[in-house]
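Architecture at a glance
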Amino acid sequence: MKCIVLLVICLGISSAWPTKQDTDALKDPNWRAWKSFHNKNYDDEGEERVRNFIWQDNLKRIVSHNEEHKYKLAMNHLGDLTSQEVKELLNGYKMNKNLKGSEEKASTFLPPANVKLPDSVDWRTKGYVTPVKNQAHCGSCWAFSTTGSLEGQHFRKTGKLVSLSEQNLVDCSASFGNNGCHGGLMDNAFKYIKSNDGVDTEESYPYKAKVGTCRFNVSDIGATDTGFMDITSGNESALQAASASVGPISVAMDASHSSFQFYHTGVYDEPACSSTQLDHGVLVVGYGNEDGQDYWLIKNSWGPMWGEEGYIKIARNQGNKCGIATVASYPLV
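Residues numbered from 1 in each chain as written. Predicted model: local features only at pLDDT ≥ 70, side-chain atom pairs only at ≥ 80, totals over all residues. Heavy atoms only, no water.

**Some remarks on the overall build of the protein**
- Check the secondary structure of the protein and you find 9 helices and 13 strands.
- The burial tally for the protein puts 54% of its 333 residues in the buried class.
- The contacts in the protein between residues at least 6 apart in sequence include a share of 75% that link residues at least 24 apart.
- Counting every atom, the protein has about 14900 Å² of accessible surface; 50% of that belongs to carbon and sulfur. (Helix = DSSP H or I, 4+ residues; strand = E, 2+ residues; numbered from the N terminus. Buried < 20%, exposed > 50% of the residue type's maximum accessible area, 1.4 Å probe, protein only. Contact = heavy atoms within 4.5 Å. Areas by Shrake-Rupley, 256 points an atom, 1.4 Å probe, with all protein chains shown as cover.)

Below you can see the structure in the form of structure tokens.
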């Protein structure tokens, strides 16, 4: 219980510390329904009181937000976590120093000349995108972004959509600068896959949400790459051209806000979103316009119960909102 108290104090919960009187809150049918739906279990009543307290605080924030903003939030499976906990547990995009292959420089994507780009793109409808996955409580978002773009490029080349193993990357790419559940970089993962002559399939090397012993098996390779292509930093026009002509693109973004944690629907335009302080790897699978707002269509790795069935629309052509175009790349196959 002391650890929980210190945790809540350090994380800076906005309301007062829960008391014994808050035990009644544990009988709230909405709380009980949420716990049941998301299969939430706690070690003891003390821990449950703290998690209920955080849940209530988050619910107030959601209601307040929805009264003032066009895009909407909703309670989800992350409701008993603070935004700081989500950032520390799930947002694992980190610019780690390369330990191998640092001499390799990526080519820069050149947008095709004299080509009229379509008004909207959605690679899901073309067969390039696997179902939404869930990284769980592991900062492996970088691995999911990596597999997502390689799955798309492998489909483009072969016509076969193969789900690739994030666990292979989590367990085996440390020497390339990645750090398992404690963060990594998509370009480092592309380098590992090139050097390793491939990455295993999801089926042969399933996800465990924790770092384990490398079990890569050459007989289970699902896809390979020969390098990767970077897109000019901060250039949304170049990212649009790549998104339209190449397929899904790996990107990093600022996902540190509670508005992202509880995003539900609409075009996300968090005013505090940074274009340089990036902490989460995701996948651009298209773009479009909704109610007069341009957006990027983003595949997240927090499961289909988050956002719009696992996806989010992020404001496009608004000064590189959330840094979507700051660090963008895709593998060469």
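More follows now that the structure is in view.
**Some remarks on the pairing of strand β11 (residues 293-299)**
- When you tally the buried positions in β11, you get 6 out of 7 residues, the bulk of the element.
- Direction of pairing for strand β10 (residues 280-290) relative to β11: antiparallel, over a ladder of 7 bridges. Paired with tyrosine 287 across the bridge in β11 is tryptophan 296.
- The hairpin turn running from β10 into β11, its antiparallel successor, is 2 residues long, and aspartate 291 in that turn takes a positive phi close to 50 degrees.
- Pairing between β11 and strand β12 (residues 311-315): 5 bridges, direction antiparallel. Counted as the bridge partner of tyrosine 295 is alanine 315 from β12. (Pairing = 2+ DSSP bridges.)

**Some words on the packing of helix α5 (residues 141-158) against helix α7 (residues 186-196)**
- At a minimum axis separation of 9 Å, α5 and α7 run at an interaxial angle of 60 degrees. One way to sum up the angle between α5 and α7 is to call them oblique. Relative to α7, α5 is oriented so that their crossing is right-handed. In this structure, α5 contributes Trp142, Ser145, Thr146, Ser149 and Leu150 to the contact, and α7 contributes Met186, Ala189, Phe190 and Ile193.
- Class assignment of the residues belonging to the contact of α5 with α7 gives a composition of 6 nonpolar, 3 polar and no charged. (Axes fitted to C-alpha atoms, helices over the stretch in contact; angles between N-to-C directions. Parallel < 35°, antiparallel > 145°, perpendicular 65-115°, else oblique. Left-handed = near helix turned anticlockwise from the far one by under 90°. Nonpolar A, V, L, I, M, F, W, Y, C, P; charged D, E, K, R; others polar.)

**Structural notes on unusual backbone geometry**
- One non-glycine residue, aspartate 197, lies in the positive phi region at around 60 degrees.
- As for its placement among the helices and strands, aspartate 197 is situated in the loop between α7 and β4 (199-200).
- Positive phi values are uncommon outside glycine, yet aspartate 291 reaches one of about 50 degrees.
- Along the chain, aspartate 291 falls in the loop between β10 and β11.

**Digging into the packing of helix α2 (residues 29-37) against helix α3 (residues 45-68)**
- Two elements in contact, α2 and α3, have axes whose closest approach is 12 Å; the angle formed by their N-to-C orientations is 105 degrees. Overall, the two elements α2 and α3 adopt an arrangement that is roughly perpendicular. Contact with α2, carried on its side by Asn30, Trp31, Trp34 and Lys35, involves Glu48, Arg51, Asn52 and Trp55 of α3 and no other residues of that element.
- Grouping the constituent residues of the contact of α2 with α3 by class yields 3 nonpolar, 2 polar and 3 charged.

**Thoughts on the nonpolar core**
- Within the largest apolar cluster, 52 residues are counted, with the highest numbers of intra-cluster contacts made by Ile231, Leu239, Ile249, Tyr268 and Ile324.
- Not counting the four nearest positions on each side in its chain, isoleucine 324 is found in contact with Leu239, Val251, Ala252, Met253, Val284, Trp296, Ile298 and Ile314.
- The next biggest cluster of nonpolar side chains, apart from the first, holds 21 residues, and it includes Leu169, Ala189, Ile193 and Ala252. (Core = buried A, V, L, I, M, F, W, Y, C linked by side-chain atoms within 4.5 Å.)

**What to know about the pattern of salt bridges**
- Scanning the entire structure with this criterion turns up 12 salt bridges.
- When the shortest N-O distance is used, the salt bridge between arginine 124 and aspartate 122 registers 2.9 Å.
- Among the residues examined, arginine 124 registers a relative accessible area of 36% and is labelled partly exposed.
- Classification of aspartate 122 as partly exposed rests on a relative accessible area of 23%.
- In this structure, aspartate 294 and arginine 316 form a salt bridge, with 3.7 Å as the shortest nitrogen-oxygen distance. Taken as a pair, aspartate 294 in strand β11 and arginine 316 in the loop between β12 and β13 (328-332) lie far apart in primary sequence, 22 residues in all.
- Classification of aspartate 294 by relative accessible area gives partly exposed; the value is 27%.
- Through salt bridges with shared partners, a single network forms among Lys133, Glu151, Glu166 and Glu202. (Salt bridge = Lys/Arg side-chain N within 4 Å of Asp/Glu carboxyl O.)

Honestly, it's all geometry; don't read function into it.
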